[in-house]
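Coordinates in review
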Amino acid sequence: MIPFVREFGFAYGRRDQVSPLIQRVIANNPGPFTFTGTGTYVVGPPEAGSAVAVIDPGPLDPAHLEVLLAAVEGRTVSHVLVTHTHRDHAPLARPFAERTGAVILAARPPAQETHASGGLDEDEDAVFAPDQVLTGGEIIEGDGWTMEAMFTPGHASNHMAFVLREENALFSGDHVMGWATTVVAPPDGNMRDYMASLDAVIARDFATLWPTHGAPVTQPAPFLAAYRAHRLERESQVLARLRAGDRSVAEMVPVLYAVVDQRLWPAASLSVLAHLIKLVEDGAATAEPEPGLRAVFDLA
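As the structure is a prediction and not an experimental result, all values here were calculated from the model.

In this section: the nonpolar core. Counting 27 residues, the largest nonpolar core has L170, V176, Y194, F206, L209 and Y227 as its most contacted members. Put simply, the parts of the chain that give this core at least two residues each are β10 (160-164), α3 (191-204) and α4 (220-244). Per-element accounting of this core gives the leading share, five residues, to α3. Ignoring sequence-local partners within four residues, the contact set of Y227 consists of I2, F4, H175, V176, M177, A180, T181, T182, Y194 and L198.

Glancing now at the pairing of strand β2 (residues 22-26). Taken residue by residue, a regular strand's side chains alternate between the two faces of the sheet. For β2, a buried count of five out of five residues is recorded, marking the element as mostly surrounded by other parts of the structure. Taking every second residue as pointing to the same face, both faces of β2 are buried, with I22, R24 and I26 on one and Q23 and V25 on the other. As paired strands, strand β1 (residues 16-19) and β2 are joined by three bridges and run antiparallel to one another. What sits directly across from Q17, in β2, is Q23. Linking β1 back to β2 in an antiparallel pair, the connection comprises two residues. With five bridges joining them, β2 and strand β3 (residues 39-43) adopt antiparallel strand pairing.

What counts as what
- Numbering of residues starts from 1 in each chain and follows the order in which that chain's sequence is written.
- With pLDDT at 70 or above as the cut-off, local features in this predicted model cover only qualifying residues; side-chain atom pairs require 80 or more to be listed or tallied, and sums for whole chains, interfaces and linings still use all residues.
- The side-chain quantities take in all heavy atoms of the structure and omit both hydrogens and water.
- By convention a nonpolar core is built from buried Ala, Val, Leu, Ile, Met, Phe, Trp, Tyr and Cys residues, the set being connected through side-chain atoms within 4.5 Å.
- When accessible area is computed with a 1.4 Å probe and restricted to protein chains, residues below 20% of their type maximum are described as buried, those above 50% as exposed, and intermediate ones as partly exposed.
- A helix here means a DSSP run of H or I that spans at least four residues, while a strand means a run of E at least two residues long, and both kinds are numbered starting from the N terminus.
- Contacts were defined at the residue level, with two residues in contact if any of their heavy atoms lie within 4.5 Å.
- For two strands to count as paired, DSSP must find a minimum of two bridges between them.

Below is the structure:
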């Protein structure tokens, strides 16, 4: 079992000092895929006059914009960092940067215009464009803080996490969340990439993970081990459904997610599809005509 953390203290509109160098403000956009809402992080000393970075400004919400501006009042915002271009993370970046004079850094937006997870409240921000494109490995510095861009594709093809070196912490975006497993939604999401990125995060042995949604993960090693084991178990379950004679995503989901709220089955369908695509790539399964929600799958 994954040791999820679903209870933590917060209030909308409040800036919480959650570590010596990190403050968090949560947007009032709760939902089945955003949990309590988008957690925007301000990284840097809380003292007036310091230069800070802001991670994932969030949805296009005027109220949240004003809260963020109040949270950084008296300080300089040097960088706005965006983990990926889903609409609960990226749209407020440009309005916030224009008000603060900051530079926006993110990976290049995906070329794909149609995103399978649009029905899951995870549409792309179609107009987002960073001022500086990150590819991973870049170092971003400010007053007493050093950030490293860590490329973590899988949930999204352009997902970028950020390492705060001074605290050995990772701002994990949607790559790893403390309250639930991450949706991997083809065609932009990719399970093979996700697993490789997860292994890369595990190898870094971070002290804390700060997801964009929910509470921090303060014991990453056992949490990530359980996260990884869950994905591998789900892959085995999908393969078992093929052996049992299921030939479509629609047949598998009611069995594999029988105890899950049916409102979440669209997300579950995309996750199962991501596993099936990986199995096809591995040579363990076949698909006709092409891997997709309506494809017919079989054992290879």
